[in-house]
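Tertiary structure, described
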Amino acid sequence: MDLPVQDVLRPRSLREALRVLADHPGARPVAGGTDLVVQLRDGRRQAELLVDLSRVGLDGITETDRGIAIGAGTTMDVIATHRAVRTHFPALATAASQVGAWPIQCRATLGGNLANASPAADTAPALLVAGAAVTVASARGQSQLPLEELFVGPGRTSLRSNELIVSVLLPVSRTGAGRRLVERFVKVGPRREQIISVVCMAGRVVVAADGRLELVRLAFGSVAPTPVRARATERLLERRVLDDRLRQEALGVVQEDVKPIDDVRAPASYRRLAVATLLDRFLAEVARG
Amino acid sequence: MADPPARPVKGRRSKVEGGSARAADRGLHATPPGPLGGSHARPDASAKVAGLTRYVGDLALPGMLHAALATSRVASARIRSLDTRAALAVPDVVAVLTAADVPGQNSIGAVFGDQPLLVTDRVRMVGDRLALVAARTPEAAWIAARAVRADLEAIPGVHDPVAALDEGSPTVHDGGNLFRTLRVVKGKIDSRRSKATVIVEAEYHVGGQDHAYLEPQGCLAIPEGRDRLTIVASCQCPFYIQHAVAKVLGLPLAAVRVEQAPTGGGFGGKEDYPSEPAACAALLAWHTGRPVRLLFHRELDLQVTTKRHAMVVRHRWGADAKGKLQFAEVETFMDAGAYAGLSTVVAERANVSCIGPYAVPAVDVKTHVVYTNNLFGGAYRGFGAPQVTWAAEATIDKLARELGLDPLEMRRRNALDGMARTLCTGQKLVGPVLAREVLESATRMADWDAFRASRPQGSDRLRYGMGISLVLYGCNLHWGGQQLDRSSAVVILQPDGSVIVRVGLTDMGQGNLTAAQTIAAQALGVAPAAVQVWQPDTTTVGDSGPTVASRGSQMSGMAILDAVARLRTRLDPVAAELLGCAAEEVELGGGFATVRGQADRRVTVATVAAEMASRRLECIATGWYRTTPREFDSETGQGDPYEFYAMACHVARVAVDPELGLVTVEEVSAAHDVGRTIHRQALEGQIQGGIVQAMGWGVTEALHLRDGVLVNPNFTDYIIPTAADAPNINIAVLESDGPGGPYGAKGIGEPAFIPTAAAIRNAVCDALGLEIDTLPLTPPTVVAALGDRHPLAWVLEKSR
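Residues numbered from 1 in each chain as written. Chains lettered and ligands numbered in written order. Predicted model: local features only at pLDDT ≥ 70, side-chain atom pairs only at ≥ 80, totals over all residues. Heavy atoms only, no water.

**Section: the pairing of strand β2 (residues 27–30) of chain A**
Residue and element names in this part refer to chain A. In this sheet, strand β3 (residues 49–52) lies alongside β2 in parallel orientation, the contact comprising 4 bridges. Bridging across to β3, V30 finds its partner in D52. In terms of handedness, the path from β2 via helix α2 (residues 36–41) over to β3 forms a crossover that is right-handed. (Pairing = 2+ DSSP bridges. Helix = DSSP H or I, 4+ residues; strand = E, 2+ residues; numbered from the N terminus. Right-handed = clockwise from strand over helix to strand, strands pointing away.)

**Thoughts on unusual backbone geometry**
All names here are of chain B. Of the consecutive residues L775 and P776, the connecting peptide bond is found in the cis state with omega at 5°. Assignment of secondary structure puts P776 in the loop between β32 (774–775) and α18 (779–786). One non-glycine residue, D92, adopts positive backbone phi at about 75°. Considering the arrangement of structural elements, one finds D92 in the loop between α2 (85–89) and β4 (93–97). Residue class for D92 comes out partly exposed when judged on its relative accessible area of 36%. (Buried < 20%, exposed > 50% of the residue type's maximum accessible area, 1.4 Å probe, protein only.)

**Looking at the packing of aromatic side chains**
Residue and element names in this part refer to chain B. With the rule as written, the count across this model stands at 9 aromatic pairs over all chains. Summarising the aromatic geometry, the rings of F179 and Y371 are spaced 5.4 Å apart at their centres and angled 55° between planes, so their arrangement reads as tilted. Taken together, the positions of F179 in strand β8 (residues 178–186) and Y371 in strand β16 (residues 362–371) put the pair 192 residues apart, joining distant regions of the chain. The interplanar angle of 85° and the centroid separation of 6.0 Å between the aromatic rings of Y642 and Y645 together place this pair among those described as edge-to-face. Judged on exposure class, the residue Y642 and its partner Y645 are both buried. Here a set of aromatic residues connected by ring pairs shows up, and it is made of F112, F179 and Y371. Sitting over the face of the ring of Y213, K270 holds its NZ or CZ atom 4.3 Å from the ring centroid. Above the plane of the ring of W697 lies R308, whose end atom (NZ or CZ) is 5.0 Å from the centre. (Phe/Tyr/Trp six-rings, centres within 6.5 Å; stacked < 30°, edge-to-face > 60°. Lys NZ or Arg CZ within 6 Å of the ring centre and 35° of its normal.)

**Digging into the pattern of salt bridges**
Residue and element names in this part refer to chain B. The tally for this structure, following the rule as stated, stands at 62 salt bridges over all chains. In this structure, the salt-bridge partner of E329 is R316, at a minimum N-O distance of 3.0 Å. Taken as a pair, E329 in strand β15 (residues 325–337) and R316 in strand β14 (residues 311–319) lie far apart in primary sequence, 13 residues in all. Using a relative accessible area of 17% as the deciding quantity, one classes E329 as buried. It is possible to trace a salt-bridge network through shared partners that takes in D190, R193, E201, R316 and E329. (Salt bridge = Lys/Arg side-chain N within 4 Å of Asp/Glu carboxyl O.)

**Things to note about helix α11 (residues 435–445) of chain B**
Within the sequence span of α11 of chain B, burial applies to A435, V438, L439, S441, A442, T443 and M445 of chain B. Remark: D447 of chain B follows α11 of chain B within two positions and exhibits a positive phi of approximately 55°.

**Some thoughts on the interface of chain B and chain A**
Taken together, the contacts link 39 residues of chain B with 34 residues of chain A. In this assembly, chain B packs against chain A so that about 3300 Å² is buried in total across both faces, 63% of it on carbon and sulfur atoms. Summed over the shared surface of chain B and chain A, the result is 4 salt bridges. At the boundary of chain B and chain A, one finds 8 residue pairs in polar contact (both at pLDDT 80 or more). The element best represented in the side of chain B that touches chain A is helix α19 (residues 794–799) of chain B, accounting for 5 residues. Per-class residue counts for the side of chain B that touches chain A are 21 nonpolar, 8 polar and 10 charged. (Contact = heavy atoms within 4.5 Å. Buried area = accessible area lost by both parts, 1.4 Å probe. Polar contact = N/O pair within 3.5 Å; in protein donor to acceptor, adjacent residues only side chain to side chain. Nonpolar A, V, L, I, M, F, W, Y, C, P; charged D, E, K, R; others polar.)

**Notes on the domain arrangement of chain B**
Accessible area lost upon the coming together of the parts serves often as the stated size of an interface. Residues and elements named next belong to chain B. The domains assigned to chain B are domain 1 (31–54 + 486–626), domain 2 (61–155 + 217–295) and domain 3 (311–479 + 633–794). Here the C-alpha centroids of domain 1 and domain 3 sit 37 Å apart. Counting residues at the interface gives 26 residues for domain 1, matched by 24 residues for domain 3. Buried surface at the junction of domain 1 and domain 3, both sides included, amounts to about 1800 Å², of which 59% is carbon and sulfur. Per-residue buried area on domain 1 facing domain 3 is highest for A549, S550 and Q554; these three make up 30% of the total on that side. Between the two partners, domain 1 and domain 3, sit 0 salt bridges. For the pair domain 1 and domain 3, the number of links is 9 residue pairs in polar contact (both at pLDDT 80 or more). For the side of domain 1 that touches domain 3, the elements supplying multiple residues, two or more each, are α13 (512–524) and α14 (552–579). A breakdown of the residues in the side of domain 1 that touches domain 3 according to their chemical character gives 12 nonpolar, 13 polar and 1 charged. (Domains from an automatic or database assignment.)

Pasting the structure below:
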């Protein structure tokens, strides 16, 4: 293939990978390559040196008392079918099952999906409503940041060139007696499968016994330069009892949370209507109980 | 949340009507026992499924070079200068050629001489070739192609086929943007207008389509010095390539051998276009003396190859109070792109198709072939008919709505039949006219009346609709191309009773190998497995014209039948001798030569073949077929444009999510007038494939252009359907004895495509109660059509 890449290194450990990245500022990590290879070929990204992470051992899902930790190298097919993920974070499992085609799901990794920083990344809204934190490593050590702080713009993250995403932590909290958790992911596109989201949405809501919304997290993809939390809408809904009037109000307020553009996939006006429609349907489902 | 629309209650298994159903009281001619109409395994299937078929990309020769193209990335410019030095300096590059290196004519147009192989002074479209590169590796070749420096001075382009005809519009060629206008003029519009009680005026914007074949364009050129060469190409039309390469290299036709490689899909995209890459590879091979392979990558293929023509279609149609059509005025603007290509030929078919199979006393059709700097319009399954059908069937529905008539009843009142047999061209149809039969059959399979009586009420937010499309299909080539409408076959009987067949028509996945094998086996009375049909090669058969216009099986079959008849002048006497009967009494069938009426007196065909071999009798026969010459007036569009016709009707049932603009095609019921089935499974495969491909065109496939550049040249954003989107498909096959090809068969490839998108459009409009006159019906298009009727339209006010 006609790729403008000089060399590929295949480190055998995380330490070695981090050292290579520290030594080569022009290097770029590659995991499944399902986004990166396409972008290298059509010139959207450049990399003199690729650092293949497939032998570093970043895959796997572990359950700890702090939550569920998903290794950055875990592929979509594994996430989509993992029992604990499906139980606690059904939106993420659904999103992972809708990334590209089946062969893509078997190669594409969670870390890659996030590092690629597409505004349309399907796992991002699901992780945002899960309250995910990203563990980042460099040769100097590890640190954690909230997922929202990772995304800077289309295709851009706050990672430095010597840093790697090593895992994503999803805090598990008990819903509690008499409370009800509703979590959904849904994407809109013109074809049933293998479609990039024109708009996608994840919602996570806990409804208290008295009907008040105790926790409201809403996130959208493909409606702003990065995947976004719908903070204004969340503030509107929190601690309120959901009725038709409030639902209507939310559809107006959510328009302030998103900044869609016209592009080849849809005009901004379509995206605004789709955001309202997805939110309306999600809130209707929450209200139905 | 957005629940997936309910699956049809009938389940995934499709209904199939007419396993042996025939049009009533038209008893078919009996044929001897054989594979005709059956479903034996297609000969190329197992190798393709196992990945063993050798496509061009799998072929390599010692010393082979790899070609790449330096193409323009802008659509309209003057070329100040061209510098190939940097490209030549790239390591492993062997040759960089420009127009000055063409030994013959620097001209590649299929019909007209307006397209250079390599441009010299002017760029008229994205993809115009500036230079050609051959290198030892494909990487080096494409790097060098990008290193060709062109000093281009941008000049204003033309990107709208209607505005292109305005006074003062920039021009693509000297002589203006209107290349041709083709007419159909019949009856007196003015006197008929006064009889019309309803008149519908509309303007339809019908988008183009990429062929999205699995295998991109590719070919391999193998020179023998500079005297002659062989081209192995992924193509539909080896004889087109032969002519194109001979012209560019200045060689006699006999010095250019073109072998069709196994071809991974064509759909028209490998009719005209492959001559261009073949001429490029041939020129590089001729200069370097080495084999040269040129393979397109997908982005290049999407960006520069021909497309289905985008069209703007204007209608003014009128009907009387009883719903009888009185007149139809059609004015179409075809976006040809920068070169004429096959556009006038596409316009010829569009003109015959644009009124549909309806009796209309007065017709005035103007089809303008317009130059622009947009994508290059070319051949694509349906060849102009799908676009004008989309418009015609929309107008029929609009008239029905104005009149308060059921769309099925509207069509019943106007469809051609045994009494009303005259087309818009004045041609009188011969033989059974099955427009009504396909209409009734398709609507019956779809449960049209039941659906209209109690439309499903979505428990959710979905709305359901059903739409009809009825079409007339002219079989084989139009009068304008009739000098090409002939075909050649060679049949060689082997001493063991097996048979080699060569035909001049290609298999690009549509099943021509299967059809030719079936017909040869039927005619010779042997098992299909005894017949090997080999890929066409211009040195083994005569020029058989292009494999287009659904003519593959017909033209192959007729030539095979002729060859078999000639072979039998030698075979039958030998069989007769072995059987002890007269040669006229010999019948072939079921693997045996038998005495007519005495099936127990028999000898195997293999025994006869062995006997012929032992006597050193000529075991090879050629066959030839020509369609019937016809009369046509190209000024008025009156006469007999096609030899005979096929009717087809599709009924689509859709579920629409209006808030998200999502269209789900749940079911398509397809009834086809096929003459005679050659191979049942291949026939159904063509219908199913046509429906899914047309659904893509009608619903999701949008070519987004900016200044003539395709901005979505990938399958991420050019949305073709997947298997998950395929609707439930019901098929009715109507057989009849009338004019047709081998055993009465008519083509199916294009009729399978033409009606679907129009039926879907009518179903969506039925579901939503509004008109959408823009194709494709993408979610944004549907939502935009709803406008203020969108239940959440108010949020857009909020966000302003």
